[in-house]
Amino acid sequence: MRCDLHCHTFYSKDSLSCPKEIVDTAIKKGIDCLAITDHGEIQGAMEAIEYAKGKPILILPGIEIKTKEGDILALNIKEKIENGLSAKETIEKIKALGGFVVLPHPFSLFCKFKGNLNELIEKIDAIEILNASTFGRGNKRAQKFAKEKKLGFTVGTDSHSPNFIGRAWLEIEGENLSIEEILEKIKKGEGKVCGREIGFFEKLFDHLKRNFFKILNYVGRKKRKI
């Protein structure tokens, strides 16, 4: 199964993608399992799950939480967890909800995890070793860290636009696996890293385009209020 384990809908303030569009694009790109992990929100994942019923894709609900030390992905949860707690407190809340803890882009140039990773090894379930939106040596450092510490690992596009869905994925052996089966294989390190990073200029153009449309939407709302 091809799994893209990190993407965003317009419930994240820095994305313009509706859940339906994300699901349809993932299916077209051959993605079998898609984790929707909006910033501080779960609604996008819930809408995607409803829309994906009867379609050839498994939606894994999640949320990206901002802690005092950096971002943490909570997979397989259906409740919001507040931002601003310590990493340890956040992980405890994720575990209490039966969730799966992933450290995304831990060595990214712009959103590096600032806490002590060694202190969290026993508490997390996996580390993201290929984030298609990460530049520089961040992914290689994450791959080396996961290998040295014998951690489970994930792959995700961290896509905020449909066109980047499926640029990278984790290939997991098996068909029609359940969420629990997929997460168990991830934790054991049973996956193949596939795909590649998004080019710098591709990412830059996408960022400018999203900001342009956000400005248009804002101006449109202001005009409607007049």
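You'll find the structure just up there.
Read on for a plain summary of the structure. (Residues numbered from 1 in each chain as written. Predicted model: local features only at pLDDT ≥ 70, side-chain atom pairs only at ≥ 80, totals over all residues. Heavy atoms only, no water.)

What follows deals with the sheet that holds strand E3 (residues 58-66). Pairing in this open sheet of nine strands is mixed, and the strands run E7-E6-E5-E4-E3-E2-E1-E8-E9 from one edge to the other. Each edge of the open sheet is held by one strand with a lone partner, namely strand E7 (152-156) and strand E9 (192-195). For this sheet, the mean inter-axis angle between neighbouring strands, taken without regard to orientation, is 30 degrees. Taken together, the two bridges between strand E5 (residues 100-103) and strand E6 (residues 126-131) define a ladder with parallel strand orientation. By the bridge assignment, Val102 is partnered in E6 with Ala126. In the packing of helix H3 (residues 87-96) onto the sheet, contacts are made with E3, strand E4 (71-75) and E5, and the angle to E4 comes to roughly 5 degrees. (Pairing = 2+ DSSP bridges. Helix = DSSP H or I, 4+ residues; strand = E, 2+ residues; numbered from the N terminus. Axes fitted to C-alpha atoms, helices over the stretch in contact; angles between N-to-C directions. Contact = heavy atoms within 4.5 Å.)

A few words on the packing of helix H1 (residues 19-28) against helix H2 (residues 43-51). Packing of H1 against H2 brings their axes to within 9 Å, and their N-to-C directions diverge by 55 degrees. With respect to H2, the element H1 is oriented oblique. Crossing angle aside, the handedness with which H1 passes H2 is right-handed. Contacts from Pro19, Lys20, Val23 and Asp24 in H1 reach Gly44, Glu47, Ala48 and Tyr51 in H2. Residue composition of the contact of H1 with H2, grouped by class: four nonpolar, one polar and three charged. (Parallel < 35°, antiparallel > 145°, perpendicular 65-115°, else oblique. Left-handed = near helix turned anticlockwise from the far one by under 90°. Nonpolar A, V, L, I, M, F, W, Y, C, P; charged D, E, K, R; others polar.)

The subject of this paragraph is the environment of His8. Relative to the assigned elements, His8 resides in the loop between strand E1 (2-7) and H1. Measuring from C-alpha to C-alpha, the distance between His8 and Pro19 comes to 8.5 Å, with eleven residues separating the pair along the chain. The contacts of His8, once residues within four sequence positions are left out, are Ser15, Ser17, Ile22, Thr37, Asp38, His39, Glu64, Asp158, Ser159 and His160. Reaching out from His8, the side chain makes a polar contact with the side chain of Glu64 at a distance of 3.2 Å. Within the local environment of His8, its side chain forms a polar contact with the side chain of Asp158, the two groups lying 3.0 Å apart. (Polar contact = N/O pair within 3.5 Å; in protein donor to acceptor, adjacent residues only side chain to side chain.)

A cluster of basic residues, Lys112, Arg137, Lys140, Arg141 and Lys144, forms a positive patch at the surface. Structurally, Arg137 can be placed in the loop between E6 and helix H5 (138-149). (Patch = residues over 30% accessible without salt bridge, like charges linked within 9 Å, V, L, I, M, F, W, Y side chains within 5 Å. Areas by Shrake-Rupley, 256 points an atom, 1.4 Å probe, with all protein chains shown as cover. Salt bridge = Lys/Arg side-chain N within 4 Å of Asp/Glu carboxyl O. Lys, Arg positive; Asp, Glu negative; His and termini not counted. Charge placed at Lys NZ, Arg CZ, Asp CG, Glu CD.)

Let us now look at the nonpolar core. Ranked by size, the top nonpolar core spans 64 residues in total, and within it Leu34, Ile36, Ile59, Leu60, Ile72, Ile182 and Ile186 carry the most contacts. Beyond its immediate chain neighbours, meaning those up to four positions away, Ile182 contacts Met1, Cys3, Cys33, Leu58, Ile172 and Leu177. (Core = buried A, V, L, I, M, F, W, Y, C linked by side-chain atoms within 4.5 Å. Buried < 20%, exposed > 50% of the residue type's maximum accessible area, 1.4 Å probe, protein only.)

Below, the discussion takes up the packing of aromatic side chains. Within the structure shown, the criterion is met by two aromatic pairs. A centroid spacing of 5.2 Å and a plane angle of 65 degrees characterise the contact between Phe10 and Tyr11, whose relative ring orientation is edge-to-face. Overall, the relative accessible area of 39% leaves Phe10 in the partly exposed class. With a relative accessible area of 25%, Tyr11 lands in the partly exposed category. Between the aromatic rings of Phe107 and Phe145, the centroid separation amounts to 5.8 Å while the plane-to-plane angle is 65 degrees, which identifies the pairing as edge-to-face. Of the two residues, Phe107 is situated in the loop between E5 and helix H4 (117-120) and Phe145 in helix H5; the sequence distance between them amounts to 38 residues. Each of the two residues, Phe107 as well as Phe145, counts as buried. (Phe/Tyr/Trp six-rings, centres within 6.5 Å; stacked < 30°, edge-to-face > 60°.)

With that settled, the discussion passes to the pairing of E7. A regular strand places its side chains so that they alternate between the two faces of the sheet. Within E7, five of the five residues are buried, which leaves it mostly tucked inside the rest of the structure. The alternating pattern of E7 places Gly152, Thr154 and Gly156 on one face and Phe153 and Val155 on the opposite face, and all of these are buried. Judged from the five bridges that link them, E6 and E7 form a sheet pairing that is parallel. Looking at E7, one finds that Glu128 is bridged to Thr154. With H5 bridging E6 and its parallel neighbour E7, the resulting β-α-β unit is right-handed. (Right-handed = clockwise from strand over helix to strand, strands pointing away.)

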